[in-house]
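# Observations on the three-dimensional arrangement
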Amino acid sequence: MEQDLSQLQLSMMLSVRRSAEAVAFYKAAFGAEVLFSLGDPGGSLVVQMRLGQRDFWLAEESPEYSNYSPETLGGGTVRMILTVPDPDADFARAVAAGATVVRPVQDEDYGWRMGRVVDPFGHHWEIGKPLSDGR
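Residues numbered from 1 in each chain as written. Predicted model: local features only at pLDDT ≥ 70, side-chain atom pairs only at ≥ 80, totals over all residues. Heavy atoms only, no water.

### A few points about the packing of aromatic side chains
- Summed over the entire model, instances satisfying the criterion amount to 10 aromatic pairs.
- Pairing F25 with Y26 gives two aromatic rings, centres 5.3 Å apart and planes at 75 degrees, and the pair type is edge-to-face. The same class applies to F25 as to Y26, namely buried.
- Between F30 and W125 the ring centres are 4.5 Å apart and the planes differ by 40 degrees, which places this aromatic pair in the tilted class. (Phe/Tyr/Trp six-rings, centres within 6.5 Å; stacked < 30°, edge-to-face > 60°. Buried < 20%, exposed > 50% of the residue type's maximum accessible area, 1.4 Å probe, protein only.)

### Some points on the sheet that holds strand β6 (residues 100-107)
- Spatial ordering of the open sheet is given by β5-β8-β7-β6, a layout of four strands whose pairing is mixed. Every interior strand has two partners, whereas the edge strands, β5 (79-83) and β6, have only one. Pairs of neighbouring strands in the sheet enclose a mean axial angle of 15 degrees, with direction left out of account.
- Relative to strand β7 (residues 112-118), β6 is paired through five bridges, and the arrangement is antiparallel. Paired with D107 across the bridge in β7 is R113. (Pairing = 2+ DSSP bridges. Helix = DSSP H or I, 4+ residues; strand = E, 2+ residues; numbered from the N terminus. Axes fitted to C-alpha atoms, helices over the stretch in contact; angles between N-to-C directions.)

### Considering the sheet that holds strand β4 (residues 54-60)
- Pairing is mixed across the open sheet formed by four strands, whose spatial order is β1-β4-β3-β2. Pairing within the sheet leaves two strands with one partner each, and these edge strands are β1 (13-16) and β2 (33-39). Neighbouring strand axes in the sheet, compared pairwise and without regard to direction, differ in orientation by 20 degrees on average.
- Contacting β1, β2, β3 (45-51) and β4, helix α1 (residues 19-30) crosses the sheet at an angle of about 10 degrees to β3. (Contact = heavy atoms within 4.5 Å.)

### Side note on the pairing of β3
- The buried count for β3 comes to five of seven residues, which makes it a mostly enclosed element.
- Sheet analysis places β2 next to β3, joined by six bridges and oriented antiparallel. Paired with E33 across the two strands is R50, which belongs to β3.
- Where β2 folds back onto β3 in an antiparallel hairpin, the turn is made up of five residues, including G43, whose phi is positive at roughly 95 degrees.

### A look at the environment of W112
- With respect to the helices and strands, W112 occurs in strand β7.
- Given a relative accessible area of 23%, W112 falls into the partly exposed group.
- As for W112 and P130, which are separated by 18 residues in sequence, their C-alpha atoms are 4.2 Å apart.
- When near neighbours in sequence (up to four residues on either side) are disregarded, W112 contacts T83, Q106, D107, G128, K129, P130 and L131.

### Quick word on a nonpolar patch on the surface
- Residues L35, F36 and L38 make up a contiguous nonpolar surface patch of roughly 270 Å² in combined accessible area.
- Inspection of the secondary structure assignment puts L38 in strand β2.
- A relative accessible area of 52% means that L38 is categorised as exposed. (Patch = residues over 30% accessible without salt bridge, like charges linked within 9 Å, V, L, I, M, F, W, Y side chains within 5 Å. Areas by Shrake-Rupley, 256 points an atom, 1.4 Å probe, with all protein chains shown as cover. Salt bridge = Lys/Arg side-chain N within 4 Å of Asp/Glu carboxyl O.)

Okay, structure coming up:
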């Protein structure tokens, strides 16, 4: 029996330290909007955010549940890829908001204009677009 995957959705959840700062960063850097937020008295948040047409979640790291941030692990295992109309402008916005340049925006041999930043919480973001007609 084949499974109907037409309604399947996949969302990422980023584990971070300083979740309130992370929300502010993603709003400033990428224009993300908050869809849902749940906090506790200690200031930890679980937040659903939207970038364009895609949702993602972030939450304060919780070692008791084996949820660690890249800061705790000394690096991450996933890179987010943002496909945008103007990579140069969106890249500059992320850097102005506090991201660190890993690789500046440039035309790549494989047909993309792409750059890479790491956010203040250790997550890597590639920001780019496919080049039409080869450039």
